[in-house]
Amino acid sequence: MKKILAFAMATAMALSIAACTGAGSTPPASSNPPASSNPPAASGNQGGSSADASTPAFTTVEPGKLHMSTNAEFPPYEMLDDSGSPVGIDVEVAAAIADKLGLELVVNDMGFDAALLAVQNGQSDIAMAGITVSEDRLAKMDFTDSYATGVQVVIVKEGSDVTMDNLGEKMIGTQMGTTGYIYASDTPDNGGYGEDHVIGYETGAVAVQALVSGQVDAVIIDNLPAQSYVEANAAAGLTILEGTWVEEDYAIALQKGNTELMAAVNGALNELKADGTFQSIVDKYITAD
């Protein structure tokens, strides 16, 4: 149904999650500033001095620290706790990676597009925000091995006549800059519904509120956040259509060409998978049922 490049990576896990972050060739620019202080400009500092001797030398934007840019609007992978601090699966995985590399994790919460630009411009070392690996994005960033399979679904109001087959006749809400927005707003010739049928919102939560208020007929969004939004808006009578709209892989993004840091992060990520740490983090946030 969609113009999708499948990235079947050898380390991809069977975990089904929402691929909130796809990008097209011209994602909308974001003006959202980071919630924390601006990350430092790339300085070419040596990193990994306290990591295992087998870890190759690499550079980070700040000595002794690993800066992660994210958009904390993607529960349970990244969201804000009651104190306003980013938490979630991606945050804990990034912290575990930083620990293996002998670094301190610094999380910079910002708009989704800004998080991608930060890693492209060398203002952050990594970006994690449910970032989908796409052909267009591979031209701008490098990616680690995939760590999950992303699933996007469609939220509608209970009793709605919206189906997977007639979405192109309806008004659809999505988060700006995501694969949901890019794919849905593409031309019908390319498997999309056209820009006239898609409205992009700053966050997934705002898109869902537009559905609740009747501004749109459906919302295309990642599966796990979709479940959270449906539960949070129980009084509005929302439901998720049966079936999957899109499945994709996503991974950790790094600045293009930083092969040393890529090797170090990939090595740490695969160690976390092998020793069970990754799955234990996932299990804290996602139950088997």
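Worth saying up front: this structure is predicted, and the values here are computed from it rather than measured.

**Some words on the overall build of the chain**
When helices and strands are tallied, the chain shows 8 helices and 16 strands. Here the chain holds 289 residues, and 54% of them are scored as buried. Partitioning the contacts of the chain with sequence separation of at least 6, the portion at a separation of at least 24 is 79%. A total of about 12,000 Å² of accessible surface is found on the chain, and carbon and sulfur atoms cover 49% of it.

**Describing the pairing of strand 10 (residues 148-157)**
Most of strand 10 is tucked away: 9 of the 10 residues are buried. Pairing of strand 10 with strand 15 (residues 246-250) involves 5 bridges; the strand directions are antiparallel. Among the inter-strand pairings, Thr149 is bridged to a residue of strand 15, identified as Asp249. Sheet topology note: the strand 10/strand 13 (residues 218-222) ladder contains 4 bridges and is antiparallel. The partner of Val154 across the bridge, within strand 13, is Ile220. As paired elements, strand 10 and strand 14 (residues 238-240) share 3 bridges and run antiparallel to each other. Each residue of the ladder has a partner; that of Ile155, found in strand 14, is Ile240.

**Side note on the pattern of salt bridges**
The tally for this structure, following the rule as stated, stands at 6 salt bridges. With a closest N to O distance of 3.6 Å, Lys65 and Glu62 form a salt bridge. A salt bridge links Glu92 to Lys284, with the nearest nitrogen and oxygen atoms 2.9 Å apart. One end of the pair, Glu92, is in helix 1 (residues 89-100); the other, Lys284, is in helix 8 (residues 277-285), and 192 residues separate them in sequence. Accessibility expressed as a relative area gives 24% for Glu92, which makes it partly exposed. Through salt bridges with shared partners, a single network forms among Lys100, Glu271 and Asp275.

**Re the packing of helix 1 against helix 7 (residues 259-274)**
Between two packed helices, what matters for the description is the angle formed by their axes and the separation of those axes. Running from N to C, helix 1 and helix 7 cross one another at 115°; their axes reach a closest spacing of 9 Å. With respect to each other, helix 1 and helix 7 are oriented roughly perpendicular. Classified by chirality, the crossing of helix 7 by helix 1 is right-handed. Of the residues in helix 7, those in contact with Val93, Ala96, Ile97 and Lys100 of helix 1 are Val265, Ala268, Leu269, Glu271 and Leu272.

**Brief notes about the nonpolar core**
Ranked by internal contacts, the top residues of the largest apolar core, which has 35 residues, are Ile97, Ile126 and Ile252. Of all the secondary structure elements, the ones that give two or more residues to this core are strand 4 (65-70), helix 1, strand 7 (104-109), helix 7 and helix 8. In contact with Ile126, other than residues within four places in its own chain, are Leu66, His67, Met68, Ser69, Ala94, Val119, Ile252, Ala253, Leu254 and Val265. Within the second largest apolar cluster, 16 residues are counted, among which are Ile172, Tyr181, Tyr183 and Tyr193.

**Observations regarding the sheet that holds strand 8 (residues 126-127)**
The strand order across the open sheet built from 5 strands is 7-4-8-16-9, with neighbouring strands paired in mixed fashion. Edge strands, defined here as strands with exactly one partner in the open sheet, are strand 7 and strand 9 (141-143). Where strand 4 meets strand 8, 2 bridges bridge the pair, whose relative direction is parallel. Bridged to Met68 within strand 8 is Ile126. Contacting strand 8, strand 9 and strand 16 (253-255), helix 7 crosses the sheet at an angle of about 160° to strand 16.

**Quick word on helix 2 (residues 112-120)**
When you tally the buried positions in helix 2, you get 7 out of 9 residues, the bulk of the element. Among all positions in helix 2, only Phe112, Asp113, Ala114, Ala115, Leu116, Ala118 and Val119 are buried. For helix 2, the secondary structure elements touched by its buried residues are strand 4, strand 8, helix 3 (135-138), strand 9, strand 11 (172-175) and strand 16. Backbone geometry just downstream of helix 2 places Gly122 in the positive-phi region, at approximately 75°.

**A few points about unusual backbone geometry**
Here the amide bond leading from Pro75 into Pro76 is cis, since omega sits at 5°, within 30 degrees of zero. Tracing the backbone shows Pro76 in the loop between strand 4 and strand 5 (79-80).

**Observations regarding the confidence of the model for the chain**
Parts of the model with low pLDDT should not have their predicted coordinates read in detail. Of the residues in the chain, 80% have a pLDDT of 70 or more, and the chain-wide mean is 83. Within the model, pLDDT remains below 50 along residues 1-46, and this stretch shows 154 contacts once partners closer than five positions in the same chain are excluded.

**What to know about the side chain of Ser124**
Relative to the helices and strands, Ser124 is located in the loop between helix 2 and strand 8. In this structure Ser124 comes out as buried when scored by relative accessible area, which is 2%. At 3.3 Å, the side chain of Ser124 and the backbone nitrogen of Val119 are in polar contact. Ignoring any residue separated from it by four or fewer positions in sequence, one finds Ser124 in contact with Val61, His67, Ser69, Ala118 and Val119.

Cut-offs applied
Residues numbered from 1 in each chain as written. Predicted model: local features only at pLDDT ≥ 70, side-chain atom pairs only at ≥ 80, totals over all residues. Heavy atoms only, no water. Helix = DSSP H or I, 4+ residues; strand = E, 2+ residues; numbered from the N terminus. Buried < 20%, exposed > 50% of the residue type's maximum accessible area, 1.4 Å probe, protein only. Contact = heavy atoms within 4.5 Å. Areas by Shrake-Rupley, 256 points an atom, 1.4 Å probe, with all protein chains shown as cover. Pairing = 2+ DSSP bridges. Salt bridge = Lys/Arg side-chain N within 4 Å of Asp/Glu carboxyl O. Axes fitted to C-alpha atoms, helices over the stretch in contact; angles between N-to-C directions. Parallel < 35°, antiparallel > 145°, perpendicular 65-115°, else oblique. Left-handed = near helix turned anticlockwise from the far one by under 90°. Core = buried A, V, L, I, M, F, W, Y, C linked by side-chain atoms within 4.5 Å. pLDDT = per-residue confidence, 0-100. Polar contact = N/O pair within 3.5 Å; in protein donor to acceptor, adjacent residues only side chain to side chain.

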